[in-house]
Amino acid sequence: MLTRTLYVIHRPARRTLMSHALILLAHGSSDARWRAPFETLEHDLRARLETPAVIAYMELSEPSLETRVAELYDQGHRRLDILPLFFAAGRHLRQDVPAQLEALRTQYPQAALTLLDPVGQHPAFVEALAGIVTSRAEA
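The sections below set out a description of the structure shown in this document. (Residues numbered from 1 in each chain as written. Predicted model: local features only at pLDDT ≥ 70, side-chain atom pairs only at ≥ 80, totals over all residues. Heavy atoms only, no water.)

Things to note about a nonpolar patch on the surface
Moving on, step 1. A surface patch of nonpolar side chains, about 390 Å² in accessible area, is lined by F87, L129, I132 and V133.
Moving on, step 2. Tracing the sequence through the fold places I132 in helix α4 (residues 123-138).
Moving on, step 3. The partly exposed category is assigned to I132, whose relative accessible area is 48%. (Patch = residues over 30% accessible without salt bridge, like charges linked within 9 Å, V, L, I, M, F, W, Y side chains within 5 Å. Areas by Shrake-Rupley, 256 points an atom, 1.4 Å probe, with all protein chains shown as cover. Salt bridge = Lys/Arg side-chain N within 4 Å of Asp/Glu carboxyl O. Helix = DSSP H or I, 4+ residues; strand = E, 2+ residues; numbered from the N terminus. Buried < 20%, exposed > 50% of the residue type's maximum accessible area, 1.4 Å probe, protein only.)

What follows is the structure, given as structure tokens:
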């Protein structure tokens with residue numbers, strides 16, 4: 001009688017991590033010249049980051065926050081961090097954006113939407129800005 005030996009190759013299980021993306025939120029303007037630096041930032045970040053990072057505008061411009069959330073969700077991203085490109089958290093970041101996010105959470109209940117502190121509150125931003133101001137003052 002012939003016996004066969006079955007060899008099973010075990011592959012490590014794939015990790016099921018929630019796909020993450022970053023939305024850079026700017027105020028918005030109908031002026032294309034105003035939007036240009038944000039579009040350049042988005043382009044430059046694509047070369048630096050593994051995590052997708054896209055620009056969105058709060059108002060007056062497209063793509064809007066709602067548009068970006070829909071696009072990223074359709075691409076399979078379920079963890080979306082929103083990084084405001086603002087100096088500080090004024091009315092927009094205390095009231096308007098949280099209201100937008102609540103509406104989006106209702107529309108996309110499977111998505112984890114997190115509003116991060118604005119870049120202006122990050123110590124590295126403050127240090128970079130202080131360096132720019134100092135260099136201009138000494139020029």
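So, next bit.
Observations concerning the side chain of R68
Moving on, step 1. Along the polypeptide, R68 turns up in helix α2 (residues 65-74).
Moving on, step 2. Here the side chain of R68 touches E71 through a polar contact of 2.9 Å, side chain to side chain. (Polar contact = N/O pair within 3.5 Å; in protein donor to acceptor, adjacent residues only side chain to side chain.)

Focus: the environment of R78
Moving on, step 1. Looking at where R78 falls in the secondary structure, it is placed in the loop between α2 and β3 (79-84).
Moving on, step 2. Between the alpha carbons of R78 and S19 there is a distance of 5.6 Å; along the sequence they are 59 residues apart.
Moving on, step 3. At a separation of 2.7 Å, a polar atom in the side chain of R78 contacts the main-chain carbonyl oxygen of Y73.

What to know about the environment of P84
Moving on, step 1. Mapped onto the elements of the fold, P84 is located in strand β3.
Moving on, step 2. Along the primary structure P84 and A26 are separated by 58 residues, whereas in three dimensions their C-alpha atoms are 6.2 Å apart.
Moving on, step 3. With residues up to four places along the chain from it excluded, the contact list for P84 reads L25, L93, L115, L116, D117, P118 and V119. (Contact = heavy atoms within 4.5 Å.)

So, helix α1 (residues 32-48)
Moving on, step 1. Taking 1.5 Å of rise per residue, the 17 residues of α1 would be expected to cover 24 Å, and the 25 Å separating its terminal C-alpha atoms lies within 8% of that figure.
Moving on, step 2. Listed as buried for α1 are R35, F38, E42 and L45.
Moving on, step 3. N-capping of α1 is provided by D31, with a side-chain oxygen placed 2.8 Å from the backbone N of R33. (Expected span 1.5 Å × (residues − 1).)

What about the pairing of β3?
Moving on, step 1. Taken across its six residues, β3 has five buried, putting it largely inside the fold.
Moving on, step 2. Relative to β3, strand β1 (residues 20-26) runs parallel, the two being bridged by six bridges. Paired with H20 across the strands is R79, a residue of β3.
Moving on, step 3. Of the crossover connections in this fold, the one passing from β3 over helix α3 (residues 91-107) to the parallel strand β4 (residues 112-115) is right-handed. (Pairing = 2+ DSSP bridges. Right-handed = clockwise from strand over helix to strand, strands pointing away.)

Some points on the nonpolar core
Moving on, step 1. I23, L65, V69 and L113 are the most contacted members of the largest nonpolar core, which totals 21 residues.
Moving on, step 2. Listing elements by their share of this core, those giving two or more residues are β1, β2 (53-57), α2, β3 and α3.
Moving on, step 3. Ranked by residues supplied to this core, first place goes to α2 with five residues.
Moving on, step 4. Residue contacts for L65: discarding those within four places in its chain leaves I23, L25, A56, Y57, I82, V97, Q100, L101 and L104. (Core = buried A, V, L, I, M, F, W, Y, C linked by side-chain atoms within 4.5 Å.)

Distances and angles like these do not, on their own, reveal function.
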